[in-house]
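# Observations on the three-dimensional arrangement
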Amino acid sequence: YNDPPRRVNVTAEREGPWVHLVVGDNGEGIPQAELDALTHRGETDLVHGSGAGLWLTYTVVEESDGEITFDTTGDGTTVRMRLPVADEV
């Protein structure tokens, strides 16, 4: 959801048993209909997303016992993910 000129920032930081991943861009923001399809945990004729990318990300984070939040404004979108650290081998 970011038309040219694109600017995407990605940061990752480990904090104890968690990894915090933040992805932000300078686009128009994720449309509310896309976010609604995620938070309603399913699609209907009236609530559905336009692709699988956001749904896949949301599902992977949730199924990994992590957390994901979306902060979308006219100045861009910031997606924050908190994931448990994978077992170290």
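Residues numbered from 1 in each chain as written. Predicted model: local features only at pLDDT ≥ 70, side-chain atom pairs only at ≥ 80, totals over all residues. Heavy atoms only, no water.

Looking now at helix H2 (residues 53–63). Along H2, the positions that sit buried rather than exposed are Leu-54, Tyr-58 and Val-61. Seen along its axis, H2 keeps its buried residues to an arc of 70°; they face one direction. Lining the buried residues of H2 we find helix H1 (32–39), strand S3 (67–73) and strand S4 (76–84). Two residues or fewer past H2, Asp-65 is found with a positive phi of approximately 60°. (Buried < 20%, exposed > 50% of the residue type's maximum accessible area, 1.4 Å probe, protein only. Helix = DSSP H or I, 4+ residues; strand = E, 2+ residues; numbered from the N terminus. Arc of directions from axis to C-beta. Contact = heavy atoms within 4.5 Å.)

Attention now moves to the layout of surface pockets. In this model, the largest pocket occupies a volume close to 240 Å³. Along its surface, the largest pocket is lined by 13 residues, and Val-23, Asp-25, Ile-30, Leu-54 and Val-79 are the ones closest to its centre. (1 Å grid on protein atoms, 1.4 Å probe; cavity = no way out; pocket = protein on both sides within 12 Å on 5 of 7 lines; lining within 4 Å. Points joined across faces, edges and corners; volume = space filled by probe spheres on them.)

Let's shift gears to the environment of Leu-21. Turning to its location among the elements, Leu-21 is positioned in strand S2 (residues 18–25). By relative accessible area, Leu-21 is classed as partly exposed at 24%. With 58 residues separating them in the primary sequence, Leu-21 and Val-79 have C-alpha atoms 8.1 Å apart. Once residues within four sequence positions are removed from consideration, Leu-21 is found in contact with Val-10, Thr-11, Ala-12, Val-79, Arg-80 and Met-81.

Moving on: the sheet that holds S2. Strand pairing in a sheet relies on backbone hydrogen bonds. The paired strands run either parallel or antiparallel. Here four strands make up an open sheet; going across it, the order is S1-S2-S4-S3 and the pairing antiparallel. Only two strands of the sheet have a single partner each, and these edge strands are strand S1 (8–15) and S3. Within this sheet the neighbouring strands show an average axis-to-axis angle of 10°, counted without direction. Sheet analysis places S2 next to S4, joined by eight bridges and oriented antiparallel. Bridging across to S4, Val-19 finds its partner in Leu-83. Most of the contacts of H2 go to S3, to which it runs at about 145°, and overall it touches S3 and S4. (Pairing = 2+ DSSP bridges. Axes fitted to C-alpha atoms, helices over the stretch in contact; angles between N-to-C directions.)

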